[in-house]
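Structural characterization, general
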Amino acid sequence: MNRFKTMLRGRTNMLMGQLKQEIGYATGLRRLERQGIAQEMRGFSQTARLHRMAAAEPAEQG
């Protein structure tokens, strides 16, 4: 998967996780709130993976 897709998928998971958390909190559905936390953490790990991929590449000399 290329960088753009990884970044987009990570940011989408973070946003959807935050939405699930807020909806779960507002409606009192603790399960939905916990699912939101898990999805947000998944998004954080995907973006961290992207940063690790960028750091592992040698610097381009131009």
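The coordinates are above.
Let me begin by describing the structure that accompanies this report. (Residues numbered from 1 in each chain as written. Predicted model: local features only at pLDDT ≥ 70, side-chain atom pairs only at ≥ 80, totals over all residues. Heavy atoms only, no water.)

**A look at a nonpolar patch on the surface**
A contiguous nonpolar patch, built from Leu15, Met16, Leu19 and Ile23 and spanning about 360 Å² of accessible area, is present on the exposed surface. Along the polypeptide, leucine 15 turns up in helix α1 (residues 3-27). (Patch = residues over 30% accessible without salt bridge, like charges linked within 9 Å, V, L, I, M, F, W, Y side chains within 5 Å. Areas by Shrake-Rupley, 256 points an atom, 1.4 Å probe, with all protein chains shown as cover. Salt bridge = Lys/Arg side-chain N within 4 Å of Asp/Glu carboxyl O. Helix = DSSP H or I, 4+ residues; strand = E, 2+ residues; numbered from the N terminus.)

**Description of the packing of α1 against helix α2 (residues 30-56)**
For the pair α1 and α2, the least separation of the axes is 7 Å and the interaxial angle reads 160°. In terms of their interaxial angle, α1 and α2 are classed as roughly antiparallel. Helix-helix and strand crossings are classified by hand; for α1 and α2 the assignment is left-handed. Residue composition of the contact of α1 with α2, by class: ten nonpolar, 13 polar and seven charged. (Axes fitted to C-alpha atoms, helices over the stretch in contact; angles between N-to-C directions. Parallel < 35°, antiparallel > 145°, perpendicular 65-115°, else oblique. Left-handed = near helix turned anticlockwise from the far one by under 90°. Nonpolar A, V, L, I, M, F, W, Y, C, P; charged D, E, K, R; others polar.)

**Examining α2**
Its 27 residues place the ends of α2 39 Å apart at the C-alpha level, agreeing with the 39 Å of an ideal helix rising 1.5 Å per residue. All buried positions along α2 are accounted for by Gly36, Gln39, Glu40, Gly43, Gln46, Thr47 and Leu50. Taken together, the buried residues of α2 touch α1. (Expected span 1.5 Å × (residues − 1). Buried < 20%, exposed > 50% of the residue type's maximum accessible area, 1.4 Å probe, protein only. Contact = heavy atoms within 4.5 Å.)

**As for the environment of leucine 8**
The residue leucine 8 is located in helix α1 in this model. In this structure, the C-alpha to C-alpha distance between leucine 8 and leucine 50, residues 42 residues apart in sequence, is 10 Å.

**Focus: α1**
For α1, spanning 25 residues, the distance from its first C-alpha to its last is 36 Å, which sits close to the expected 36 Å at 1.5 Å a residue. Along α1, the residues classified as buried are Thr6, Gly10, Asn13, Met14, Gly17, Gln21 and Gly24. Residue glycine 28 follows α1 closely and has a positive phi angle near 80°.

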